[in-house]
Structures are given as C-alpha cells and as structure tokens.
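Observations on the model geometry
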Amino acid sequence: MGLKVVKFGGSSLADAEQFRKVAQIVKADPNRRYVIASAPGKRYAADVKVTDMLYHCYDMVRNHEDITEYYAQISDRYTSIIRDLGLNFDISGELDYIKNAIMHYAGRDFAASRGEYLNSLILAKLLGFDFIDAESVVCFRENGSYDGEKTNEELRQELKNHEYAVIPGFYGVMPNGTIKTFSRGGSDITGSIVARAADAEIYENWTDVSGCLMADPRIVDDPLPIKTITYRELRELSYMGASVLHEDAIFPVRYAGIPINIRNTNDPLAPGTMIVSSTNEYDTERVITGIAGKKGFSVISVEKDMMNSEIGFGRKILDVLEDNNMPFEHLPSGVDTMSVIVATAHLDACRERVIASINKRVQPDSIVIEDGLALLAVVGRGMVKSKGTAARVCSAISDADINIRMIDQGSSELNIIVGVEERDLEKALNAIYSEFVK
Ligand code: ASP
C-alpha cells in the first residue's frame, strides 16, 4: 500500500476526545504518514470556532479594545485539550507570543492562521510525529495568488526529511515573509497540496459526515451517500451549492490523479465517498450521482424580430455583460429571443446600465428581466448510457405540479440544468430524488 495524506477538519479536532479518535485513526495505518490539521472547530451547535475567535481578536485590537479576557478563552481551548489528553506539553510561551503579536498589529491572516498552527503542534506531540510549519513550505506570490510550482518543489524536498509529520492547514507565506491564508475552509487545499507533493496514493479528508450525499439533507429526507463521484461531477454539484470540500482543493490532486476519500472521524468504519478522475475504474449503477439547487437567479430576455438572421446579435449582448463585469450561467434561446441567465446579485449592481446598453447595442423590440429563478442541477456520469433521463426529470417536475422555466442539457451529458420558480425549488428537488432514487 502506498502513502496516505490525511486531513482532519475542525470538528475532528475540537476537543481532547476528538483528538483521541484522530490519533486512533492515524495509528491504525502506518501508511498515514502526513497529517494536515485544522483549527479547533465547534464542540456543540452554539460553540464558536477558534478561527472565528482569532479574527474577532484582530478586530478588537483594531477597535482599540482590550483582548485579555477574550484571548483567555482561546488559550483555554488549547490548554484544556492538552490537559485532558494528559500530554506533558507547555504551550504557554506560544500562546503569550501570539497574544502579544496580535496586540501589536500582526496581520489579520497571521492571527487567523494561529488556530491551525497551535492545533498542529499539539497533534504532532500526541502522535509523536515531526512538525513542519506550513510557513516554510506553502508559498504565495507577490500578488497574493498561490504559487503551486514553487510550493511543490519546496514541499517535496522537505517531506524527504520526515517519515511522519503534521502540517498545519490553511496558511502559507508571502515572498516578504508575512503569513497569508487561503480562503475559509482552506485546510482542504493544504491537504491536497501535500498529497500531490508526497505522490500519495490517496488523500483522505476526514470530517464529520460520512461522505457526500446525493442531495442536501436539509431539503431531502435522509439522502443516500454517494459511493464514488468524479471530480467533474463534484464541480457541477458544488457549483450549485453542495459543499463538502473547499472548491479549490480538487485541483492539486486532480492533475496528479490522486483520489480523495471523504471520511467520517466519528464513524471511521464507514467507507465514505471516493472522488476520482476516471469513470472507467469506478462504474456507477445509478443514472444520477447527485442533485443540488441554488436560488437567486434572473432571466434577461431580449426579443427582436428576425434576430436569428442578425449576425453578431449574441456577441453584442455578451459584450454588454462583459463590459459590466458580469458572468452568465446559461443562454437558452429561441428564434427571435435570446435569454441570458445571471445571478441576481451580479445584476443588481448594474441593472439600469445593462438595460440601457442592450437597448443601445441591438435595438431590441423588448427587454424583460424576471427575478426569482432557481436553478437545479441533476448530475450523473450514468446519464450518457441511459435514454430518457431528461424526460424523467421533466415528468417528475410536472407531476409535482411545478412549471419548468428553463431546461439545459450539456452535450457532455453530465448534467441537466432546470430553472424553476424559487418557491418550487425544494419540491422539485424532492420530486427528482424520488423519481431516481426511491
Ligand atoms: N480554520 C479555517 C476556517 O475555519 C480553515 C479550515 O478549517 O479549513 O476556515
């Protein structure tokens, strides 16, 4: 068996009991050699994540408030983990140093990153592994973008010196030596980066759910877990709001062909979800892999007689969107109408300007903008092989007495996108789920 890189999320490292589970999981397999740690997450629903507390400390300092009492709560999170684990480890020097740095205006990212830094020191101690500071191996460029090639080289070299190591997630270093973080949830990205540099056989991402589910459990009752999903399918579903992994975490391992296995720290025997690049290895018995939906879209419908024969009509409309820095989602069109579906939030920033420019550029007969559209994506690599999927999607929705406002199927046959009124989204998702799964 090859090397495994394992990442544990904040809820997996929220207190001593969770740390013990993590240690058991890591020690159960000697191939689990590189461990990425998040900051302590919530222990119960109303709890606050340490990362949020650190951001709050930073804000307090900027407002010239005294952080002593508030910071003591952060210190307590770490000292109680150490005490409850019975570890012989004095972390007070680190805690004092960080408090002092935050009080003296160390950067916002520095403050936030200390959550993973401290948790990784503790986890390394508990496991008896080396500690590699992400600050010495994860590199950002001057402009703040992540430098994948430099990181890969430096990390590769560094990993050769450590058979077993813990590496904090979420942050790296700028060329001038200051700390920079990824966006929220970025420890997933660090795990993926380490998996690539280590040529891992697998990247295990341990969290508090047993993998990706076929639908949002807040909408569909008890949805089935997904056994295997391709990177492309996952991208489609995450774009439509399904979230189990940071979006950018896919890229480093995807290009290296390393599968990701989403696992549950609280149910370590469950196989979780495998995220893979190739469909051949992992066939699916289901037509659809998952469904997801998102509200907040608008349709801009532009009508003009003989539009179909007017060369450049579509380009001019898309030019208007580009001039207004507005991405679009879909372009369903008829003979004399062209509809553009965009996020309402984007449109709101330039609604009047867009209408005026379209009028000027193409002199249409009418422009109608309708808000309140929801999009839902039915995603599945199995659709290529089965006939009638679109028909089943449509009849499931119409049997539920829902009007379809738009439908779009990519030629790759990986997904079908359906537009419905926002108020119908939940009902439509349930109808499709029942059609294909129950
Ligand atoms: N601790 C960071 C956050 O809360 C990063 C992470 O957990 O992945 O966003």
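An account of the accompanying structure is given in this report. As the structure is a computational prediction, the values presented were derived from the model and not from experiment.

As paired strands, strand β11 (residues 290-303) and strand β13 (residues 366-379) are joined by 11 bridges and run antiparallel to one another. When the sheet's bridge partners are listed, Ile-291 is paired in β13 with Val-378. One ladder, built from seven bridges, connects β11 with strand β12 (residues 337-343); its direction is antiparallel. From the neighbouring strand, Glu-303 faces β12, where its bridge partner is Thr-337.

With that settled, the discussion passes to the packing of aromatic side chains. Geometrically, a pair of aromatic rings is defined through the distance of the ring centres and the angle of the planes. Summed over all chains, the structure comprises six aromatic pairs. Pairing Phe-140 with Tyr-146 gives two aromatic rings, centres 6.2 Å apart and planes at 70 degrees, and the pair type is edge-to-face. Assessed through its relative accessible area of 25%, Tyr-146 is described here as partly exposed. Taken together, the ring pairs in this structure connect Phe-140, Tyr-146 and Phe-182 into an aromatic cluster. Here Arg-114 stacks its cationic end above the ring of Tyr-117, 4.4 Å away from the centre of that ring.

This next bit is on the pattern of salt bridges. On inspection of all chains with the given rule, the structure shows 22 salt bridges. Its salt-bridge partner being Asp-319, residue Arg-315 comes within 3.3 Å of it at the nearest N-O pair. Of this pair, Arg-315 and Asp-319 both sit in helix α10 (residues 313-323), four residues apart, which is roughly one turn of that helix. Relative accessible area serves as the criterion here: at 49%, Arg-315 is assigned to the partly exposed category. The shortest N-O distance in the salt bridge between Asp-348 and Arg-351 comes to 2.9 Å. Assessed through its relative accessible area of 48%, Asp-348 is described here as partly exposed.

Surveying the vicinity of the ligand reveals the residues Ser-38, Lys-49, Thr-51, Glu-116, Phe-170, Arg-184, Gly-185, Gly-186 and Ser-187. Here a nitrogen atom of the ligand sits 2.8 Å away from a polar atom, N or O, in the side chain of Thr-51. With the chains in place, 94% of the 260 Å² that the ligand exposes on its own is no longer accessible. In this structure the site holding the ligand corresponds to the largest pocket. Of the residues that constitute the shell around the ligand, the class distribution is one nonpolar, five polar and three charged.

Taken as a whole, the largest pocket holds about 1,200 Å³ of empty space. Taken together, 47 residues line the largest pocket, and the ones lying closest to its centre are Thr-207, Asp-208, Ser-243, Val-244 and Leu-245. Of all the secondary structure elements, the ones that give two or more residues to the lining of the largest pocket are α7 (187-197), β7 (202-207), α8 (231-239) and β11. For the lining of the largest pocket, the residue count by class is 21 nonpolar, 17 polar and nine charged.

Calculation criteria
- Residues numbered from 1 in each chain as written.
- Predicted model: local features only at pLDDT ≥ 70, side-chain atom pairs only at ≥ 80, totals over all residues.
- Heavy atoms only, no water.
- Pairing = 2+ DSSP bridges.
- Helix = DSSP H or I, 4+ residues; strand = E, 2+ residues; numbered from the N terminus.
- Phe/Tyr/Trp six-rings, centres within 6.5 Å; stacked < 30°, edge-to-face > 60°.
- Buried < 20%, exposed > 50% of the residue type's maximum accessible area, 1.4 Å probe, protein only.
- Lys NZ or Arg CZ within 6 Å of the ring centre and 35° of its normal.
- Salt bridge = Lys/Arg side-chain N within 4 Å of Asp/Glu carboxyl O.
- Near = heavy atom within 4 Å.
- Polar contact = N/O pair within 3.5 Å; in protein donor to acceptor, adjacent residues only side chain to side chain.
- Areas by Shrake-Rupley, 256 points an atom, 1.4 Å probe, with all protein chains shown as cover.
- 1 Å grid on protein atoms, 1.4 Å probe; cavity = no way out; pocket = protein on both sides within 12 Å on 5 of 7 lines; lining within 4 Å.
- Sits in = over half its atoms within 2 Å of the grid points.
- Nonpolar A, V, L, I, M, F, W, Y, C, P; charged D, E, K, R; others polar.
- Points joined across faces, edges and corners; volume = space filled by probe spheres on them.

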